[in-house]
Amino acid sequence: VLWAALDLWPDLEQAVLIEASAAVRRIGEALATEAMTARIAWLAGDVTIDLAGLKPAELVTCAYVLDEIAPASLPKLIDRLWHLTDDTLLVVEPGTPAGWQRILAVRRHLIEAGAHVLAPCPHEAPCPLAAPDWCHFSRRVARSRLHRLAKDADVPWEDEKFIYVAASRHPAVHPPQARVIAPPKPGSGKVLLKLCEKDGSVDEKLFTKRDGEMFKTARRLDWGDALPE
Ligand SMILES: C[S@@+](CC[C@H](N)C(=O)[O-])C[C@H]1O[C@@H](n2cnc3c(N)ncnc32)[C@H](O)[C@@H]1O
């Protein structure tokens, strides 16, 4: 998350990272020393107990961590993270059915606390998907030689599946019409998109050349992208 944040905001001033494992903190600090100019504080601590003394931040994130926390501790943790959020809270989990369920619970909890959902959902209605379907996205990640060796893998990439919710103190400035929630199915002069819509429904929509500008927009969209209003 720290690396991704610096990609987006190279002039990031300050980051506070909380990590329970001393070994992981040591590795993170060593990697970051060379790569970062931002002020970074690495704190030892358990996020379910040790968040009280922290100052609020514009962006608070919790990525790939809920899976490692006892389910009974999650509501209180989300309350604490939201309390620390001046603007946006981003929670990311592995893109599995269980990860989706955890994100749905976080989403419900944050909506009840008055948060505005920024993404991925273009609405705050209950999720329209039902098992065995589940909401998730995917990014192709390059594997280094070391990465391949560690995983005993052949191909030089892997598809990382993830699910997330971004919630804010403020409503979205440009709320999208819909979100693409599956890989687009393109054809000659057409594209079929699975869309989560602003009205809280889910739909497969076919866009063809007859749709003019809308088709031009639709055929450029990828899984996870927002369809603008
Ligand atoms: C899968 S890693 C994800 C790390 C990082 N957020 C990222 O996206 O790369 C999960 C990390 O959470 C840490 N962790 C698990 N439970 C924790 C807790 N209660 N308090 C603080 N850190 C915790 C683990 O030590 C581990 O390093």
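Analysis parameters
- Residues numbered from 1 in each chain as written.
- Predicted model: local features only at pLDDT ≥ 70, side-chain atom pairs only at ≥ 80, totals over all residues.
- Heavy atoms only, no water.
- Axes fitted to C-alpha atoms, helices over the stretch in contact; angles between N-to-C directions.
- Helix = DSSP H or I, 4+ residues; strand = E, 2+ residues; numbered from the N terminus.
- Parallel < 35°, antiparallel > 145°, perpendicular 65-115°, else oblique.
- Left-handed = near helix turned anticlockwise from the far one by under 90°.
- Contact = heavy atoms within 4.5 Å.
- Nonpolar A, V, L, I, M, F, W, Y, C, P; charged D, E, K, R; others polar.
- Phe/Tyr/Trp six-rings, centres within 6.5 Å; stacked < 30°, edge-to-face > 60°.
- Buried < 20%, exposed > 50% of the residue type's maximum accessible area, 1.4 Å probe, protein only.
- Lys NZ or Arg CZ within 6 Å of the ring centre and 35° of its normal.
- Near = heavy atom within 4 Å.
- Polar contact = N/O pair within 3.5 Å; in protein donor to acceptor, adjacent residues only side chain to side chain.
- Areas by Shrake-Rupley, 256 points an atom, 1.4 Å probe, with all protein chains shown as cover.
- Domains from an automatic or database assignment.
- Buried area = accessible area lost by both parts, 1.4 Å probe.
- Salt bridge = Lys/Arg side-chain N within 4 Å of Asp/Glu carboxyl O.

Caption draft 1: Summary view of the packing of helix α3 (residues 74–83) against helix α4 (residues 97–112). Where α3 meets α4, the closest approach of the two axes is 10 Å, and the angle between their N-to-C directions is 55 degrees. As judged from the angle between their axes, α3 and α4 are oblique. For the pair α3 and α4, the crossing hand works out as right-handed. Facing Leu74, Pro75, Ile78, Asp79 and Trp82 of α3, the residues of α4 in contact are Arg102, Val106, His109 and Leu110. When grouped by side-chain class, the residues that make up the contact of α3 with α4 number six nonpolar, one polar and two charged.

Caption draft 2: Examining the environment of Leu59 more closely. Structurally, Leu59 is set in strand β3 (residues 57–63). Residues Leu59 and Ile49, spaced 10 residues apart in sequence, show a C-alpha to C-alpha distance of 20 Å. Look past the residues within four positions of Leu59 in its chain and what remains in contact with it is Trp9, Thr88 and Leu90.

Caption draft 3: Summary view of the packing of aromatic side chains. Here the structure, examined in full by the defined rule, presents three aromatic pairs. Ring centres of Phe137 and Tyr164 lie 5.7 Å apart, and the angle between their planes is 50 degrees; this geometry places the pair in the tilted category. Taken together, the residues Phe137 in strand β6 (residues 137–142) and Tyr164 in strand β7 (residues 157–168) connect sequence positions 27 residues apart. Here Phe137 matches Tyr164 in class, with each residue buried. An aromatic cluster of three or more residues is present, and its members are Phe137, Phe162 and Tyr164. Just above the ring of Trp157 sits the side chain of Arg140; from NZ or CZ to the centre is 3.5 Å. Taking the ring centre of Trp82 as reference, the NZ or CZ of Arg169 above it sits at 3.9 Å.

Caption draft 4: A look at the site of the ligand. Neighbouring the ligand are the residues Glu19, Ala20, Ser21, Val24, Gly45, Asp46, Val47, Ala63, Tyr64, Val65, Glu68 and Ile69. Between the ligand and Asp46, the relevant distance is 2.8 Å, taken from a nitrogen atom to a side-chain nitrogen or oxygen of the residue. Computed on the free molecule, the ligand has an accessible area of 600 Å², of which 66% lies beneath the protein chains in the complex. For the shell around the ligand, the per-class residue count stands at seven nonpolar, two polar and three charged. Two domains each provide a minimum of three residues to the shell around the ligand, namely domain 1 (1–45) and domain 2 (55–173).

Caption draft 5: Region of the structure containing the domain arrangement of the chain. Looking at the chain, the domain boundaries give domain 1 (1–45), domain 2 (55–173) and domain 3 (176–229). The centre of domain 2, based on its C-alpha atoms, is set 23 Å off from the matching centre of domain 3. On the domain 3 side, the residues contacting the 17 residues of domain 2 number 15 residues. Buried area between domain 2 and domain 3, both sides added, is near 1,100 Å², and the carbon and sulfur share of it is 63%. The tally of links between domain 2 and domain 3 comes to one salt bridge. A salt bridge links Asp133 to Lys194; the nearest nitrogen and oxygen atoms lie 2.6 Å apart.

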